[in-house]
Amino acid sequence: MVSKIAKRTPTKSLRPRHHSRRKKTPIKNATASAASVVVASINKSIYTCHRRLIKIFTKLARVATPTKKLKTTPRKKGYQILDKLPADPPEARRSLFNDKNTLPPLIPPHKKKTVFLDLDETLVHSTPNFPPEKYDFVVRPIIDGQKVEFFVLKRPFVDEFLSFLSRDFEIVIFTAGIEEYASLVVDKLDWRNLISHRLYRSSCREIDGKFVKDLSGVGRELDKAVILDDNPNSYRLQPENAIPIKPFVDDLGDEELKGLIGFFEGADSVEDMRDAVKVYVAGLDWQIVEGI
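Just so we're clear, the structure is a prediction, and the values are computed from it rather than from any experiment. (Residues numbered from 1 in each chain as written. Predicted model: local features only at pLDDT ≥ 70, side-chain atom pairs only at ≥ 80, totals over all residues. Heavy atoms only, no water.)

1. Let's talk about the confidence of the model for the chain
- Per-residue pLDDT for the chain averages 78, and the proportion of residues at 70 or more is 62%.
- Within the model, pLDDT remains below 50 along residues 1-7, and this stretch shows zero contacts once partners closer than five positions in the same chain are excluded.
- The low-confidence segment residues 65-76, where pLDDT is below 50, has 24 contacts with residues more than four positions distant or belonging to other chains. (pLDDT = per-residue confidence, 0-100. Contact = heavy atoms within 4.5 Å.)

2. What about the environment of Pro239?
- Mapped onto the elements, Pro239 comes out in the loop between strand E12 (225-229) and strand E13 (242-244).
- Relative accessible area serves as the criterion here: at 33%, Pro239 is assigned to the partly exposed category.
- The sequence separation of Pro239 and Val277 amounts to 38 residues, and the corresponding C-alpha distance is 9.6 Å. (Helix = DSSP H or I, 4+ residues; strand = E, 2+ residues; numbered from the N terminus. Buried < 20%, exposed > 50% of the residue type's maximum accessible area, 1.4 Å probe, protein only.)

3. Considerations on the packing of aromatic side chains
- Per the counting criterion, the structure on display carries seven aromatic pairs.
- Ring centres of Phe116 and Phe174 lie 6.1 Å apart, and the angle between their planes is 55°; this geometry places the pair in the tilted category. On the criterion of sequence distance, the pair formed by Phe116 in strand E2 (residues 113-117) and Phe174 in strand E8 (residues 169-174) is long-range, its members being 58 residues apart. Phe174 shares its class with Phe116; the two are buried.
- Among the aromatic residues, those joined into a cluster by ring pairs are Phe161, Phe169, Phe263, Phe264 and Tyr280. (Phe/Tyr/Trp six-rings, centres within 6.5 Å; stacked < 30°, edge-to-face > 60°.)

4. A look at the sheet that holds E13
- Pairing in this open sheet of five strands is parallel, and the strands run E9-E8-E2-E12-E13 from one edge to the other. Edge strands, defined here as strands with exactly one partner in the open sheet, are strand E9 (197-199) and E13. Looking at each pair of strands side by side, their axes are set apart by 25° on average, direction ignored.
- Two elements, E12 and E13, share three bridges in a ladder whose sense is parallel. Among the inter-strand pairings, Leu228 is bridged to a residue of E13, identified as Ile243. (Pairing = 2+ DSSP bridges. Axes fitted to C-alpha atoms, helices over the stretch in contact; angles between N-to-C directions.)

Shown next, in the form of structure tokens:
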């Protein structure tokens, strides 16, 4: 009897096979190096962009007049006044004004009085970078080499106000804003060429870190001049020439400028504009007082 011989299948060896590690080729090394360079470049770009954004927003904060918290007294009309005018010695004042900024003589000669108008929060309100719900036009000044976008909302009745003033008064924009920004806003605002002159931050005085508009150095007689401004620090040197006005942001029902048309209509015949301002600040109607 022939016995069947079972064929055994060879079993796989349990011993691990040793594979020789392949060395990285120069091409792979170059690829890894290039990837590192790209990542480093991206990180550097992000850092640079971050720094530029910080720089832009820092500059934006300096465009408008820097103000500190004021001690104010509630007023019926909503504007602010300084309770006390601090006495600043002449040596403490740093003048930014020079002879080149002195206004030329009045032209035409029949306009005997000058109205200095603040810009931001008095005639318009500007919002940087992000468009608000309401705005009238956009300006894009170059500030420190960077283009910045401002969305500008005009105060209600500003067109009518400027049109009325231009008949009998010389209109001068006097703003503490920088010229790169403010000049573009005035260009858009004064589309009828009603404004005679413009004075910017370089025409201000700096007192205690605040920009002050000194009317005594602009070439106009103080009894023939008034300034309209929402910031009481701006006219701290000549408060008797100042017409205060509440700041404008986005209230489309605002009628401050409309009410001032009546004031200027009566004050046109006044010899000393400071007398008219005194009556206005007291809350009286100049036309009624004049008739008494």
